[in-house]
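Descriptive structure summary
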Amino acid sequence: MSSNDPFTDEDWMQLAISEAQKGVGLTAPNPPVGAVIVKDGMMIGKGWHQCAGKPHAEREAIAAVKQNHSLEAMIGATIYVTLEPCSTQGRTPPCTQGILDHGIKRVVYGADDPNPDHAGRAKSLLEEAGVSVTTGICQAECIDLIRPFSKAQLTGLPWIILKSAISLDGKITRPPGESQWLTSPESRQHVQQLRYTSDAIITGGNTLRNDDPALTIRDEAKLKQTGKKQPWRMIITRGDASSLSQSSQVFTDRYQDRTLVQENGDLLQALKKLVEKGCHTVLVEAGGTLMGAFIDAGLADEVAIFYAPMITGGDMPGFAGLEREVSLRESKFTQIGDDLLLSAFIDQTSL
């Protein structure tokens, strides 16, 4: 690092992380990645991967430098990247070659490529070409950014978030004649954000029959601005597709071509289908039986539970049929409107 640089590697990596966060929910089947180029203690370019098929973050940052500076500006510069630069040809050329082509002399990245066949390859290629490489800067935060991508790479399955709205007595329904909503408008808006950062939404056949949900992102202007498509919708039914009403919104609205059905309650097959469609983050919005089934099968990774300040006495629990106690880790409570949101990871060792 230049002696003229008043900032640390961690400072610059935090800026790269901020860039990467712009791509959360937009990049699957690629991971969100951010990059920052620094020369003589000054940032001269930054970028983030905007969607699969478009330039990677490193090349976006390089393009930003070209737009605002001379080509010589990158000679001897340092590039900070949240993820190990790619070293193989895909839909876009390898970023390691782009780094070498533009005279960048130091590469700092946070997380290794989760693909065991690629991990560490960029470091070897770059060092062989005389580029200094530093790894593991803000590693934990960089790894957090790519949790869904990593899981899909290592297991072939998506990252599963179980979302539920529950009364204080653990129910998901209100008495007949009452509003269908348990939670506040602020909580429902937060669910829209969860949908925005997800690639697909799963619900069950009973929820489809009882509630006829749209399972869409409501903010069309935001979708148009960012280029994000509506999430895929997967309906899991214990019977066959003929048991589902074909007049349901998911089969009749303008996004009907993004609706899938999994018969016979086969959770694993449903998830594999979604990964084949490029889905890495999947939100489950369903009744208690399907929620419990995901946990019992060891397929759930995270929960987002909105607790409403009411006691309903309903007969529909938020989680049903659990065969064992499940522990949560890194639990965080946030007040949203009148509700309390519990965000936590499922401790897989407790399953």
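The text that follows walks through the structure, step by step, so that each part is easy to find. Keep in mind that this is a model prediction, so the values were computed, not measured.

**Focus on the overall build of the protein**
- Of regular secondary structure, the protein possesses twelve helices and 13 strands.
- Expected size for 351 residues packed as a compact globule is a radius of gyration near 20 Å; at 23 Å, the protein falls within 12% of this value.
- Each principal axis of the C-alpha atoms in the protein carries an extent, and together these give about 70 × 40 × 40 Å.
- Burial status across the protein gives 51% buried among its 351 residues.
- Pairs at least 24 residues apart make up 74% of the contacts formed inside the protein by residues separated by at least 6 positions.
- Here the protein holds 34 positive side-chain charges and 43 negative ones, and the gap between their average locations is 5 Å.

**Here we look at the sheet that holds strand β5 (residues 132-135)**
- Across the sheet, five strands lie side by side as β2-β1-β3-β4-β5; this open sheet has mixed pairing. Of all the strands in the sheet, just β2 (42-48) and β5 have a single pairing partner and so form its edges. Sheet twist, expressed as the average angle between the axes of neighbouring strands with direction ignored, equals 15 degrees.
- In this structure, strand β4 (residues 106-111) lies alongside β5, joined through four bridges in parallel fashion. When the bridges of β5 are listed, Arg106 appears paired with Ser132.
- Along the sheet face, helix α4 (residues 121-128) touches β4 and β5 and points at about 155 degrees away from the line of β5.

**A few points about the pairing of strand β7 (residues 200-204)**
- Burial runs high along β7: five of the five residues are buried.
- Relative to strand β8 (residues 232-236), β7 is paired through five bridges, and the arrangement is parallel. The residue of β8 that forms the bridge with Ile201 is Arg233.
- Of the pairings in the sheet, the one linking β7 to strand β10 (residues 281-285) comprises three bridges and is parallel in character. Looking across to β10, one finds that Ile202 is bridged to Val284.

**Focus on the state of the cysteines**
- One pass over the structure, following the stated rule, counts zero disulfides.
- With no disulfide of its own, Cys95 lies closest to Cys86 among cysteine sulfurs, the gap being 3.7 Å.
- Cys95 sits in the buried class, given a relative accessible area of 1%.

**Considerations on unusual backbone geometry**
- Cis peptide bonds are those with omega within 30 degrees of zero, and the linkage from Ala28 to Pro29 qualifies with 10 degrees.
- In this structure, Asp40 takes a positive phi of about 55 degrees despite not being glycine.
- Considering the arrangement of structural elements, one finds Asp40 in the loop between β1 (34-39) and β2.
- One non-glycine residue, Asp212, lies in the positive phi region at around 45 degrees.
- One can find Asp212 in the loop between α8 (205-211) and α9 (220-226).

**Some thoughts on the environment of Ile79**
- Following the sequence through the fold, Ile79 ends up in strand β3 (residues 78-83).
- Counting along the chain gives 254 residues from Ile79 to Phe333, while the straight-line C-alpha distance between them is 36 Å.
- Ignoring anything within four residues of it in the chain, the contact list for Ile79 reads Ala35, Val36, Ile37, Glu58, Ile99, Ile104, Arg106, Val107 and Val108.

**Some points on the side chain of Arg258**
- Tracing the chain through its elements places Arg258 in the loop between α10 (249-252) and β9 (259-262).
- No salt bridge is formed by the buried Arg258. Its closest oppositely charged neighbour is Asp257, at 6.0 Å.
- For Arg258, the residues in contact, after removing those within four places along its chain, are Lys229, Gln230, Pro231, Trp232 and Arg233.

**Observations regarding the pattern of salt bridges**
- The tally for this structure, following the rule as stated, stands at eleven salt bridges.
- A single salt-bridge network, built from bridges that share partners, covers Glu19, Lys22 and Lys46.

**Things to note about helix α11 (residues 267-276)**
- Every buried residue belonging to α11 is among Leu267, Ala270, Leu271 and Leu274, and all of these are buried. Looking down the long axis of α11, one finds its buried residues gathered within 95 degrees of arc, a one-sided arrangement.
- Turning to α11, the residues buried within the fold contact β6 (159-167), β7, β8, β9, β10 and α12 (288-296).
- Gly278 sits one or two residues past α11 and shows a positive phi near 90 degrees.

**Details of the sheet that holds β6**
- With mixed pairing, eight strands are arranged side by side in an open sheet as β9-β8-β7-β10-β6-β11-β13-β12. Two strands lie at the open edges of the sheet, namely β9 and β12 (328-336), each paired on one side alone. The sheet shows a mean angle of 20 degrees between the axes of neighbouring strands, taken without regard to direction.
- Seen against the sheet, helix α7 (residues 185-196) touches β6, β7, β10, β11 (302-308), β12 and β13 (339-346) and runs at an angle of roughly 165 degrees to β11.
- The strands that α12 touches are β6, β7, β8, β10 and β13; relative to β6, the one it contacts most, it runs at about 140 degrees.

About the cut-offs
- Residues numbered from 1 in each chain as written.
- Predicted model: local features only at pLDDT ≥ 70, side-chain atom pairs only at ≥ 80, totals over all residues.
- Heavy atoms only, no water.
- Helix = DSSP H or I, 4+ residues; strand = E, 2+ residues; numbered from the N terminus.
- Rg over C-alpha atoms; globule rule 2.2 N^0.38 Å.
- Buried < 20%, exposed > 50% of the residue type's maximum accessible area, 1.4 Å probe, protein only.
- Contact = heavy atoms within 4.5 Å.
- Lys, Arg positive; Asp, Glu negative; His and termini not counted.
- Charge placed at Lys NZ, Arg CZ, Asp CG, Glu CD.
- Pairing = 2+ DSSP bridges.
- Axes fitted to C-alpha atoms, helices over the stretch in contact; angles between N-to-C directions.
- Disulfide = S-S within 2.5 Å.
- Salt bridge = Lys/Arg side-chain N within 4 Å of Asp/Glu carboxyl O.
- Arc of directions from axis to C-beta.

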